[in-house]
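Coordinates in review
Each chain, written out:
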Amino acid sequence: MAGVKRVNTKKLSRLQVHALGNAIDLYDDASLLYKGKRFSTAFFLAVIGIEEIGKVYILDDIIYNVRVNGSDLSDAQARFQWLFQHRTKQSQAHNYFRDFHWSRAKRLEFQEICSGKFDLQKQNSLYVGLEGRKLNGRILLPSNTTRILARKQLRYLYRLLFELANGTLEETVTLDGDFVEGYLTKATLNRIVRLGRRHA
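All of these numbers come straight from a predicted model, not from anything done at the bench. For every chain, the first residue of the written sequence is number 1, and numbering continues from 1 onward in sequence order. With the structure being a predicted model, the display of local features is reserved for residues of pLDDT at least 70 and the display and counting of side-chain atom pairs for 80 or more, all residues being used for whole-chain, interface and lining totals. Side-chain measures were taken over the full set of non-hydrogen atoms in the model, leaving aside hydrogen atoms and water.

It is worth spelling out the environment of Val-128 at this point. Labels follow the DSSP assignment, with helices taken as runs of H or I lasting at least four residues and strands as runs of E lasting at least two, numbered in each case from the N terminus. Along the chain, the position of Val-128 falls in the loop between helix H6 (117–124) and strand E1 (129–130). Spatially, the C-alpha atom of Val-128 lies 5.6 Å from that of Leu-140, the residues being 12 residues apart in sequence.

We now examine the confidence of the model for the protein chain. The predictor attaches a confidence to each residue, and that confidence, scored 0 to 100, is pLDDT. Averaged over all residues, the pLDDT of the protein chain equals 88, while 90% of them reach at least 70. Put simply, helix H5 (residues 104–115) is where the protein chain has its lowest mean pLDDT, 64, and helix H1 (residues 9–35) is where it has its highest, 96.

Moving on: the packing of aromatic side chains. Both the distance between ring centres and the angle between the ring planes are used here to describe each pair of aromatic rings. Aromatic contacts are taken between Phe, Tyr and Trp rings whose centres are within 6.5 Å, Trp giving its six-membered ring; a plane angle under 30 degrees counts as stacked, one over 60 as edge-to-face, and the others as tilted. Across all of its chains, the model carries four aromatic pairs by this definition. With centroids separated by 5.6 Å and ring planes inclined at 75 degrees, the aromatic side chains of Phe-80 and Phe-84 adopt a geometry described as edge-to-face. Taking relative accessible area as the criterion, Phe-84 reaches 54% and is therefore assigned exposed. Pairing Tyr-158 with Phe-162 gives two aromatic rings, centres 6.1 Å apart and planes at 25 degrees, and the pair type is stacked. For the exposure calls, accessible area comes from a 1.4 Å probe over protein chains only, and a residue counts as buried if that area is under 20% of its type's maximum, exposed if over 50%, partly exposed in between.

The topology assignment puts Thr-88 in helix H4 (residues 86–98). With relative accessibility at 18%, the residue Thr-88 sits in the buried group. Only heavy atoms enter the contact rule, under which two residues are in contact if any of them lie within 4.5 Å. With near-sequence residues (within four places) excluded, Thr-88 lies in contact with Ile-58 and Trp-82.

This is the structure:
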């Protein structure tokens, strides 16, 4: 129809690839911080990397709905707002991963995401504050973020990246963006694996 604004799925596809590349870089940076015993910052960057993976899936959902279901600009814009909701990005990454590894532990983690506890951990790993945002709450310090918690998130981010790259190559994962499959080559998978070995 003349005069109707269309959704630029090519631009969204490029954004998808940039988010994926950023997630890989964040994994590398977080791992270096972890090696330097900067556990709170390593944890924070790992969670941001997980959110970037969630962004990849949100963008894919928009692209799919525009192309297959004929979603209009207003519907796409509404979905685009999910990119600014931390819990939504975290849950989208987790939803994908659960298809491969849905255990009792993962269900509990998903409950933590939905309740906001996971995002609160992310904030507490970077900011000094008071528990419950109350004057009589105990003092919260980023330095309270444990090595175990940081390592857990680094491993989780690695698994997300590996499963996405490997699944794309083995054609068990299909994304609708135009450029993701071109980006997720054997070389990209090898880089993810090398980073994982280097930082193990």
